[in-house]
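# Observations on the three-dimensional arrangement
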Amino acid sequence: MEVEGAKTFHDAWDYKGRPARKSSSGGWISAGMILGVEMCERLTTLGIAVNLVTYTTDTMHLGNATAANTTTNFLGTSFMLCLLGGFIADTFLGRYLTIAIFAAVQAMGVTILTISTIIPSLRPPKCSGENPTSCIPATGNQLMVLFIALYLTALGTGGLKSSVSGFGSDQFDETVKEERAKMSSFFNWFFFFISIGSLAAVTVLVYIQDNIGREWGYGICACAIVIGLVVFLSGTRRYRFRKLVGSPLTQIATVVVAAWRKRGIELPSDASLLFDIDDLPVEEYKKKKQKLPHSKQFRFLDKAAIKDRQISVTAVNKWEISTLTDVEEVKMVVRMLPIWATTILFWTVYAQMTTFSVSQATTMDRSIGKSFEIPPASLTAFFVASILITVPIYDFIVVPIARKLLKNPRGLTPLQCVGVGLVFSILAMIAAALTEVKRLDVARSHGLTENDKAVIPISVFWLIPQFLLVGSGEAFTYMGQLDFFLRECPKGMKTMSTGLFLSTLSLGFFFSSLLVTIVHMVTGTTKPWLADNINKGRLYNFYWLLTILSVLNLVLYLWAAKWYVYKDTRLAAEGIELEEEEFSSHA
């Protein structure tokens, strides 16, 4: 909000703590510098992750199952640490310092990884000949250096990613119509820059790693994130800074703790007797909250608002009592959990595109013409391309048709989008299983099952359908999840919406690691599904298992989606209209 008679803002400050001037702060120049560091982050993280399976198998001499788990654990940790990064940014450091510090941490991790590819003692010796038994696995010390590098990178990624989109949106004033429109464009450009970074990672960087050297590929990643950090810091004088608002995780914790402390107290029959924001004299607090009607679900949490003794409204201990509005906001999050849980498995399917699908590609004919060979990890370019194609198709074709058929001005609802994405993931696993059956048949017919280094005379383009299907599925799932969490999270918990979304990615990768470990143990060494020699394994069974799990998950998701009532529908039934800014910052 612009202060009357001045060109400064009352809720935004410059780097010296003075009210930010509209003419010399924020806007597209500031947002562009923030987009730059995010593009470098995406280039760096994906440049490492997408080709990590081949590095850990070919260079570190780990088995296929271990290599797959190394990749999924790295990605899962990166996304899970977004919750930690968001908490630190909202509670202690602010978004600017969080981005700067964690970008430096990421640069440190990638630098260590680059050094480990240069110093011979930090990796095992090359295999002698084509006999797999001659390969010496990496030692404990060598793996320790690798994991230190990877998890420092993951820590940096989590902290940086948690704050970039929020800090970018801080550069626009949502109370001004013109800047609100620019903010909407910012989120579109944010997705575009992520896609550009991803595309460069899976094409240029992967080619450099496979054909010129890992040290060059990882060195470029290290330089990219350092350059991104320098560009980001150079914009310090132009940025708009917002004050810390506190982490929504703290609010959830205080409501749960207060309710638990009063678990033995009986709830009053009249909800108006519970403590609420009307009992508070602090006008500033009331402005930040939209009073919500009392709901009868999850009544145990209502106990957090019981007035068990005389309360001093000027010194409320939030760990002992919460307002009913705070309780209702936590209930909103609880209602979202079934949807949250049933979207995790999509990202488990997604994880296979960076692990076993890459392992499949290493054994297939990847030549184009006589002089060029596609790097195995570069097949993910079809995955990225599928996303970029699906988004405009959805906007220009699917939405207009859905508007007419479903009588919904927005086309598909967020939950319908996610449902379409889950269906695509099932089709992708069916395609992956059938392709693996075909690949093994060709390997057997040519007597190549014993040598996983031999090139099987089957085109790598047989793998394209599974990449395209997962890419299209991600476009629908990503758009639906992000829209759902942004719109359905309470106004006071908007910063947590991205964290909830990214945690589904994290848990999907971790579940992939768990599933791989269990399958590897259960199928044993005699007829393993996930053998170190992929030509002697039964990877198709693993894909069929994921297909079955995905079908069961879809059934649970459909039940959860039918049970869920959208926030605006529920509040409209109570005669309450949502405030406009509820959606404006994430259009």
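Reading the values: rules and limits
Residues numbered from 1 in each chain as written. Predicted model: local features only at pLDDT ≥ 70, side-chain atom pairs only at ≥ 80, totals over all residues. Heavy atoms only, no water. Helix = DSSP H or I, 4+ residues; strand = E, 2+ residues; numbered from the N terminus. Buried < 20%, exposed > 50% of the residue type's maximum accessible area, 1.4 Å probe, protein only. Contact = heavy atoms within 4.5 Å. Core = buried A, V, L, I, M, F, W, Y, C linked by side-chain atoms within 4.5 Å. Polar contact = N/O pair within 3.5 Å; in protein donor to acceptor, adjacent residues only side chain to side chain.

Moving on, we get to the environment of Tyr350. With respect to the element layout, Tyr350 can be found in helix α10 (residues 344-351). The class for Tyr350 is buried, based on a relative accessible area of 12%. Distance in space between the C-alpha atoms of Tyr350 and Gly473 is 9.0 Å, their sequence separation being 123 residues. Apart from residues no more than four positions distant in its own chain, Tyr350 is found in contact with Phe383, Val470, Glu474 and Phe509.

Below, the discussion takes up the nonpolar core. Of all hydrophobic cores here, the largest spans 94 residues; its most connected members are Phe74, Phe356, Leu415, Phe484 and Phe542. For this core, the element with the highest residue contribution is helix α13 (residues 414-445), accounting for 10 residues. Here Phe356 is in contact with Asn64, Ala68, Val516, Leu530, Leu539, Phe542 and Tyr543, once residues within four sequence places are set aside. Of all hydrophobic cores here, the second largest spans 23 residues; its members include Met33, Cys40, Ile99 and Ala100.

Okay, the environment of Leu412 next. Looking at the element boundaries, Leu412 is found in the loop between α12 (380-406) and α13. Residue Leu412 is classed as buried on the basis of its relative accessible area of 15%. For the pair Leu412 and Pro400, spaced 12 residues apart in sequence, the C-alpha separation works out to 9.6 Å. If we ignore the near neighbours within four places in the chain, the residues touching Leu412 are Tyr394, Val398, Ala402, Leu406, Cys417, Val420 and Phe476.

The subject of this paragraph is the side chain of Ser378. You can see Ser378 is positioned in the loop between β5 (372-373) and α12. One polar contact links the side chain of Ser378 to the main-chain carbonyl oxygen of Val202, over a distance of 2.8 Å. Sequence-distant contacts of Ser378, that is, excluding residues within four places in its chain, are made with Val202, Thr203 and Val206.

With respect to the element layout, Thr70 can be found in helix α3 (residues 64-118). For Thr70, a relative accessible area of 7% translates into the label buried. Those residues in contact with Thr70 that sit more than four places away from it in its chain are Leu52, Thr56, Leu62, Phe147 and Leu150.

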